[in-house]
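# Results of the structural survey
Residues per chain, in single letters:
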Number of protein chains: 2
Amino acid sequence: MTKQERAMNTRHALIRSAAQAFDQHGYTLAKLAGISAGAGVSTGALHFHFDTKAAMAAAVETEAARILHAVARRVQRRSPCALQALVDTSHAFAQQLCWDVVVRAGFHLNSRTSHASETDMLREWLECVRRYLTRAAREGSILADASVEDMTATIIGATIGFEGLARRDREWLSRATLASLWRALLPRLATPEALARLEPAGMECALSAAGALPEGPVGGLTGGLTGGH
Amino acid sequence: MTKQERAMNTRHALIRSAAQAFDQHGYTLAKLAGISAGAGVSTGALHFHFDTKAAMAAAVETEAARILHAVARRVQRRSPCALQALVDTSHAFAQQLCWDVVVRAGFHLNSRTSHASETDMLREWLECVRRYLTRAAREGSILADASVEDMTATIIGATIGFEGLARRDREWLSRATLASLWRALLPRLATPEALARLEPAGMECALSAAGALPEGPVGGLTGGLTGGH
């Protein structure tokens, strides 16, 4: 292993350990000493990579955004239509939030603070939802009297609510809960023809049940810095 | 003013000041010295009423629950049917969360922690939603293929999401955003006959527009410990 590879590994271990500390204790109470210990390095090594706790938080947020972007691209390539892509993206994000502490801590820090961060994951998720609904309307799979703006607000509220509620009970981010949301919304949103083809529990679930995909969290497929707790 | 009245006033001022500190800085960073100063009393007076910061948080939560119970009862007495009562309760709670720092801080503390608190406002809100939907089904105003459980999960997710999002932008708890949610959900939930009578923006809004009610936050009508920031 080269010196550069070792430095990258240490940096990744520190980001992971910081995410665990933020997830467990919150940003305010997380201690740098605990973070370096969790990564198996000295506080000197930590300070070589990160000047401050804020810099660590920014790195966790950036890494979370990178993973979610990769997940979103992967889902988009596979999905047969815009509405299914939206449903599948919500499931894939929920799974990632459950299994990947870096995504969970990074998304939470980023979406709950009004700091001038480079990435704004909440804004990106809102634009992703709106874009898919607008594309679905162009595809002719949206009911004439459904409002893209009303549905965007409802979907953002519900998914962000589930993310917050899952901090108390992980079940709120389960495939079953997300499927409940889509069973409640899709009949008001999709034309009967589109609705007949949609899978509220996600295509990945349908494919996986048919043996086309390996089981397990999405994180295992995206590469990079993944893993749960 | 009797000695007992003065003590009650001090206690109320301390609860208010604690709520402001929790709302602004979070529970962890809120300082007892700042709370007593905010209430215009000595730290000795604070300790006469509350042993610990945890005891103050519990008092804020209890007071928030008391106010929300009063709001819920008031809405229930007025609403013509279960679905409108549910819509109106969500609007009244949202207004209260916007205007009343005690409700905002108390609900947030109580719903985001898994402590063994006496009150569990999240659980109560979930049961309130489920009860209204079940009552609406008995009243015959729910579509035969609508699922009470799917809708309960969706409504809880969305409303709790709005509450969290409003910490970044108060607009998420506005009457307009809540009305978006109900415009998106009610056509999937209510029979056409029921739907024609429902007001997604809330009956209070309709009555107020007709001049039947004074304008302003609900807080002003419930008595007790209210006020915004």
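Residues numbered from 1 in each chain as written. Chains lettered and ligands numbered in written order. Predicted model: local features only at pLDDT ≥ 70, side-chain atom pairs only at ≥ 80, totals over all residues. Heavy atoms only, no water.

## Topic: the overall build of chain A
On a plain count of helices and strands, chain A comes out with 12 helices and zero strands. From first element to last, N terminus to C terminus, chain A shows the α and β order α-α-α-α-α-α-α-α-α-α-α-α. Burial analysis of chain A (229 residues in total) assigns 51% to the buried set. Restricting the contact set of chain A to residue pairs at least 6 apart, pairs at least 24 apart contribute 71%. A total of about 10,300 Å² of accessible surface is found on chain A, and carbon and sulfur atoms cover 55% of it. (Helix = DSSP H or I, 4+ residues; strand = E, 2+ residues; numbered from the N terminus. Buried < 20%, exposed > 50% of the residue type's maximum accessible area, 1.4 Å probe, protein only. Contact = heavy atoms within 4.5 Å. Areas by Shrake-Rupley, 256 points an atom, 1.4 Å probe, with all protein chains shown as cover.)

## Points about the nonpolar core
A:Leu133, A:Ile156, A:Trp182, B:Leu133, B:Ile156 and B:Trp182 are the most contacted members of the largest nonpolar core, which totals 101 residues. With sequence-adjacent residues up to four places away left out, A:Leu133 is seen in contact with A:Leu83, A:Leu86, A:Ile142, A:Val148, A:Met151, A:Thr152, A:Ile155 and A:Leu189. (Core = buried A, V, L, I, M, F, W, Y, C linked by side-chain atoms within 4.5 Å.)

## Thoughts on the interface of chain A and chain B
Counting from both sides, the interface comprises 29 residues of chain A and, opposite them, 29 residues of chain B. Carbon and sulfur atoms make up 66% of the area that chain A and chain B hide from each other, which totals about 2,500 Å². When the buried surface of chain A facing chain B is broken down by residue, A:Asp150, A:Arg168 and A:Arg188 rank first, second and third, together holding 25% of it. Applying the counting criterion to the chain A and chain B interface returns four salt bridges. On the surface where chain A and chain B come into contact, there are eight residue pairs in polar contact (both at pLDDT 80 or more). (Buried area = accessible area lost by both parts, 1.4 Å probe. Salt bridge = Lys/Arg side-chain N within 4 Å of Asp/Glu carboxyl O. Polar contact = N/O pair within 3.5 Å; in protein donor to acceptor, adjacent residues only side chain to side chain.)

## Considerations on the relation of the copies chain A and chain B
Related by rotation about an axis and a shift along that axis, the two copies of the chain form a pair. The operation relating chain A to chain B is a screw motion whose rotation component is 180 degrees, with 0.0 Å of axial translation and a residual RMSD of 0.0 Å. Taken together, the turn and the small shift mark the pair as related by a two-fold rotation axis. Most of the interface of chain A is mirrored in chain B, where 100% of its interface residues again form contacts. (Least-squares fit on C-alpha atoms with pLDDT ≥ 70 in both.)

## A look at empty space enclosed by the protein
All names here are of chain A. Applying the stated criterion to the full structure yields four cavities of 30 Å³ or more. What lines the largest cavity is a set of 13 residues, and nearest its centre among them are Phe93, Ala94, Leu97, Trp125 and Thr159. Of all the secondary structure elements, the ones that give two or more residues to the lining of the largest cavity are helix 5 (82-99) and helix 8 (148-165). Classifying every residue of the lining of the largest cavity gives 10 nonpolar, two polar and one charged. (1 Å grid on protein atoms, 1.4 Å probe; cavity = no way out; pocket = protein on both sides within 12 Å on 5 of 7 lines; lining within 4 Å. Points joined across faces, edges and corners; volume = space filled by probe spheres on them. Nonpolar A, V, L, I, M, F, W, Y, C, P; charged D, E, K, R; others polar.)

## Side note on the packing of aromatic side chains
The tally for this structure, following the rule as stated, stands at six aromatic pairs over all chains. Over the ring of A:Tyr27 we find A:Lys53; its NZ or CZ atom is 4.9 Å from the centre of that ring. (Phe/Tyr/Trp six-rings, centres within 6.5 Å; stacked < 30°, edge-to-face > 60°. Lys NZ or Arg CZ within 6 Å of the ring centre and 35° of its normal.)

## Topic: the pattern of salt bridges
Under the counting rule described, the total for this entry stands at 18 salt bridges over all chains. For B:Asp120, the salt bridge goes to A:Arg168, with nearest N and O atoms at 3.0 Å. With one member in each of two chains, B:Asp120 in the loop between helix 6 (101-112) and helix 7 (121-138) and A:Arg168 in the loop between helix 8 and helix 9 (175-189) form a pair that bridges those chains. By relative accessible area, which is 25% here, B:Asp120 ends up partly exposed. The exposure class assigned to A:Arg168 is partly exposed, which follows from its relative accessible area of 29%. Bridged by salt links that share partners, the residues A:Asp23, A:Arg104, A:Glu163 and A:Arg167 form one connected network.

## Remarks on the environment of B:Gly164
The residue B:Gly164 is located in helix 8 (residues 148-165) in this model. For B:Gly164 and B:Arg112, which are 52 residues apart along the polypeptide, the C-alpha to C-alpha distance reads 9.9 Å.

## So, the packing of helix 8 of chain A against helix 9 (residues 175-189) of chain B
Where helix 8 of chain A contacts helix 9 of chain B, the axes come no closer than 8 Å and their chain directions differ by 100 degrees. Classified by the angle their axes make, helix 8 of chain A and helix 9 of chain B are roughly perpendicular. Residue-level contacts link A:Asp150, A:Met151, A:Ala153 and A:Thr154 of helix 8 of chain A to B:Ser180, B:Leu181, B:Arg183, B:Ala184 and B:Leu185 of helix 9 of chain B. Split by residue class, the contact of helix 8 of chain A with helix 9 of chain B holds five nonpolar, two polar and two charged. (Axes fitted to C-alpha atoms, helices over the stretch in contact; angles between N-to-C directions. Parallel < 35°, antiparallel > 145°, perpendicular 65-115°, else oblique.)

## Structural notes on the layout of surface pockets
Residue and element names in this part refer to chain B. The volume enclosed by the second largest pocket comes to roughly 500 Å³. Contributing to the lining of the second largest pocket are 24 residues, with Ala72, Phe93, Glu124, Trp125 and Cys128 lying nearest its centre. Considering every element that reaches the lining of the second largest pocket, the biggest residue donor is helix 7, with seven residues. Grouping the amino acids of the lining of the second largest pocket by side-chain chemistry returns 15 nonpolar, four polar and five charged.

## Some words on helix 7 (residues 121-138) of chain A
If you check helix 7 of chain A, its first and last C-alpha atoms are 25 Å apart, about what 18 residues at 1.5 Å a residue would give, namely 26 Å. Elements that come into contact with the buried residues of helix 7 of chain A comprise helix 4 (53-78), helix 5, helix 6 (101-112), helix 8 and helix 9 of chain A together with helix 8 of chain B. Backbone geometry just after helix 7 of chain A places A:Gly140 at a positive phi near 80 degrees. (Expected span 1.5 Å × (residues − 1).)

## Describing helix 8 of chain A
Three- or four-residue spacings in an α-helix give side chains the same orientation, since the helix completes a turn every 3.6 residues. Here helix 8 of chain A contains 18 residues, and its C-alpha end-to-end distance of 25 Å stays within 8% of the 26 Å for a straight helix at 1.5 Å per residue. Taken across its 18 residues, helix 8 of chain A has 16 buried, putting it largely inside the fold.

## Notes on the confidence of the model for chain A
For chain A, mean pLDDT is 88; residues scoring 70 or higher make up 87% of the total. The low-confidence segment residues 212-229 of chain A (pLDDT under 50) makes 47 contacts with residues lying over four places distant or belonging to another chain. (pLDDT = per-residue confidence, 0-100.)

## Concerning the packing of helix 4 of chain A against helix 7 of chain A
Residue and element names in this part refer to chain A. Interaxial distance between helix 4 and helix 7 falls to 11 Å at its minimum, and their mutual angle equals 15 degrees. Put simply, helix 4 runs roughly parallel to helix 7. The handedness of the crossing between helix 4 and helix 7 comes out as right-handed. For the pair formed by helix 4 and helix 7, the contact residues are Glu61, Ala64, Ala65, Leu68, His69 and Gln76 on the first element and Met121, Glu124, Tyr132 and Arg135 on the second. (Left-handed = near helix turned anticlockwise from the far one by under 90°.)

## Structural notes on the environment of B:Ala64
Note that B:Ala64 resides in helix 4 (residues 53-78). Taking the C-alpha atoms as reference points, B:Ala64 and B:Val103, 39 residues apart in sequence, are found 4.3 Å from one another.

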